[in-house]
Amino acid sequence: MSQTSPPLLTAMPVMHEVAQQTYPVSALYVLATPIGNVCDITLRGLHMLSLADAIACEDTRNTAHLLNRYGVSKPLLAAHEHNEREVAEKIVARLQAGERIVLVSDAGTPAISDPGARIVDAVLHAGLRVIPLPGASAGIAALSASGLLNDQFHFIGFLSPKAGARDKQLERLATDTATLVLYEAPHRIVDTIDALLKVFGPLRQIVFARELTKLFETIHRCPLSEAPGWLSADANHQRGEFVLLIEGAPQQADNDDVEALRVLRILLAELPVKQAATLAAQLTGQKKNALYQQALALRDADDAAAEQG
Ligand code: SAM
């Protein structure tokens with residue numbers, strides 16, 4: 001079968017359309033940038049970068065580096081979480097003078113676990129236009145490749161870095177039937193998995209979406225009981241950037257299941273597996289065998305965590 005070679009990107013008919021579309025002045029353009037692979041930026045986004053009067057960015061060095069890859073040179077305005085309010089006023093004044101300003105963060109979509117929302121709010125308050133230029137976002141990329149069959153997801157972003165607050169947050173989420181979408185840093189991944197296992201139990205599925213769009217991209221799905229083992233099996237599994245997806249609570253009888261697991265955990269801290277499962281079954285009315293299997297998995301995971309130190 002003969003194959004025709006693809007047209008050069010610049011010769012594609014759509015490139016003409018990109019330049020023909022309208023890009024209003026006095027507007028803030030919220031642009032998603034790549035989460036790893038430099039090519040993951042839209043045609044409209046690239047064109048807008050070339051039209052911008054200035055680019056507001058989280059870290060000027062990172063953005064200068066990215067723009068350099070695209071051959072774009074523009075004035076940069078530092079807009080990070082510590083100066084968002086002040087820079088918002090400056091941006092509003094510049095937009096009122098008829099400029100087009102592009103807002104980016106270091107990676108992915110601005111205002112999603114990133115600065116940007118305050119600037120957008122100030123621009124809207126001033127009666128000016130905000131135009132999204134959609135693209136990469138780590139959580140959405142992870143969901144799209146996860147294979148988890150649930151139309152609903154709950155975006156959590158980063159959990160609290162404090163163990164007590166984190167555990168309370170997780171307990172509040174324990175009956176949520178939507179897939180949970182978490183962001184996590186590599187130095188906290190082991191502790192977070194431990195906490196997820198304790199609160200959600202061993203049976204729920206977790207998806208590790210690591211280094212998405214990069215050289216060492218890994219998407220691994222397993223029950224929570226196997227998650228500590230997977231992390232410790234290879235030092236590389238704990239490195240890089242992570243999205244964690246947690247299967248939602250079962251739709252039926254979810255509150256009963258969660259309560260039984262909570263009771264089982266308390267008993268397991270004091271009693272052998274069999275006794276803890278028997279008592280938990282008596283106290284909650286749940287099936288003894290199912291609780292016994294869960295108790296075994298919890299105990300195994302605890303032992304594995306203890307071995308890791
Ligand atoms: N605004 C970004 C977005 O739209 O996804 C998120 C920024 S947040 C400060 C950075 C976190 O996103 C990382 O700690 C990690 O949890 C997640 N993340 C970013 N890039 C990623 C990637 N390539 N693979 C996996 N997770 C990533």
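Caption draft 1: Spotlight on the nonpolar core. Ranked by internal contacts, the top residues of the largest apolar core, which has 25 residues, are Ile193, Leu196, Phe200, Ile206, Phe208 and Leu244. Taken together, the elements giving at least two residues each to this core come down to α7 (163-173), β7 (179-184), α8 (189-200), β8 (205-210), α9 (227-233) and β10 (242-246). Per element, the largest residue contribution to this core is seven residues, and it comes from α8. Contacts of Ile206, omitting those with residues within four sequence positions, involve Ile193, Leu196, His220, Arg221, Cys222, Pro223, Leu224, Ala227, Leu244, Leu245 and Ile246.

Caption draft 2: Region of the structure containing the packing of aromatic side chains. The full count for this structure, using the stated rule, is three aromatic pairs. Between the aromatic rings of Phe158 and Tyr183, the centroid separation amounts to 5.8 Å while the plane-to-plane angle is 70°, which identifies the pairing as edge-to-face. Highlighted residues: Phe158 in strand β6 (residues 153-158) and Tyr183 in strand β7, separated in sequence by 25 residues. An angle of 35° between the planes, with centres 4.6 Å apart, marks the rings of Phe208 and Trp230 as tilted. With Phe208 in strand β8 and Trp230 in helix α9, the pair connects residues that are 22 residues apart, well separated along the chain. Like Phe208, the residue Trp230 is buried in the burial classification. An aromatic cluster is built from Phe155, Phe158 and Tyr183, whose rings are joined through pairwise contacts.

Caption draft 3: Main features of the domain arrangement of the chain. According to the domain assignment, the chain contains domain 1 (7-136), domain 2 (139-246) and domain 3 (255-308). Here domain 2 and domain 3 have C-alpha centroids that lie 22 Å from each other. Of the roughly 1,000 Å² buried where domain 2 meets domain 3, counting both sides, 65% is carbon and sulfur surface. Applying the counting criterion to the domain 2 and domain 3 interface returns zero salt bridges. Counting across the domain 2 and domain 3 interface gives one residue pair in polar contact (both at pLDDT 80 or more). Elements that contribute at least two residues to the side of domain 2 that touches domain 3 include exactly α8 and α9. Ranked by residues supplied to the side of domain 2 that touches domain 3, first place goes to α8 with six residues. A class-by-class count of the residues in the side of domain 2 that touches domain 3 yields eight nonpolar, four polar and three charged.

Conventions we followed
- Residues numbered from 1 in each chain as written.
- Predicted model: local features only at pLDDT ≥ 70, side-chain atom pairs only at ≥ 80, totals over all residues.
- Heavy atoms only, no water.
- Core = buried A, V, L, I, M, F, W, Y, C linked by side-chain atoms within 4.5 Å.
- Buried < 20%, exposed > 50% of the residue type's maximum accessible area, 1.4 Å probe, protein only.
- Helix = DSSP H or I, 4+ residues; strand = E, 2+ residues; numbered from the N terminus.
- Contact = heavy atoms within 4.5 Å.
- Phe/Tyr/Trp six-rings, centres within 6.5 Å; stacked < 30°, edge-to-face > 60°.
- Domains from an automatic or database assignment.
- Buried area = accessible area lost by both parts, 1.4 Å probe.
- Salt bridge = Lys/Arg side-chain N within 4 Å of Asp/Glu carboxyl O.
- Polar contact = N/O pair within 3.5 Å; in protein donor to acceptor, adjacent residues only side chain to side chain.
- Nonpolar A, V, L, I, M, F, W, Y, C, P; charged D, E, K, R; others polar.

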